Amino acid sequence: MDVRIGDVLQLKKEHPCGSREWTVLRVGMDFKLRCLGCGHELMIPRSKAEKSIKKIIRTEESQP
């Protein structure tokens, strides 16, 4: 799955704050994500993150 820094991920389950959208801060074996609703940051294994992605929203800066 092609996930880049700066992409916004829409996940299947929502965060307790009510938001489903997360911005990608780091990629590798783990993803570092920031909730767009409350600003909470977390590290999640790539395999778990890829299963929970519903949609990838590309931003202008992240496209080559």
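Here, every reference points to the structure presented above.
An account of the accompanying structure is given in this report. (Residues numbered from 1 in each chain as written. Predicted model: local features only at pLDDT ≥ 70, side-chain atom pairs only at ≥ 80, totals over all residues. Heavy atoms only, no water.)

**Comments concerning the pattern of salt bridges**
Under the counting rule described, the total for this entry stands at 7 salt bridges. Among the ionic pairs, glutamate 14 bridges to arginine 20, the shortest N-O distance being 3.8 Å. Residue class for glutamate 14 comes out partly exposed when judged on its relative accessible area of 48%. Notably, a salt bridge pairs arginine 34 with glutamate 41, separated by 2.6 Å at the nearest N-O pair. Overall, the relative accessible area of 33% leaves arginine 34 in the partly exposed class. Residue glutamate 41 is classed as partly exposed on the basis of its relative accessible area of 33%. (Salt bridge = Lys/Arg side-chain N within 4 Å of Asp/Glu carboxyl O. Buried < 20%, exposed > 50% of the residue type's maximum accessible area, 1.4 Å probe, protein only.)

**With respect to the side chain of aspartate 7**
Structurally, aspartate 7 can be placed in the segment before strand E1 (8–11). Its relative accessible area of 0% is what places aspartate 7 among the buried residues. There is a polar contact of 2.9 Å between the side chain of aspartate 7 and the backbone nitrogen of arginine 4. (Helix = DSSP H or I, 4+ residues; strand = E, 2+ residues; numbered from the N terminus. Polar contact = N/O pair within 3.5 Å; in protein donor to acceptor, adjacent residues only side chain to side chain.)

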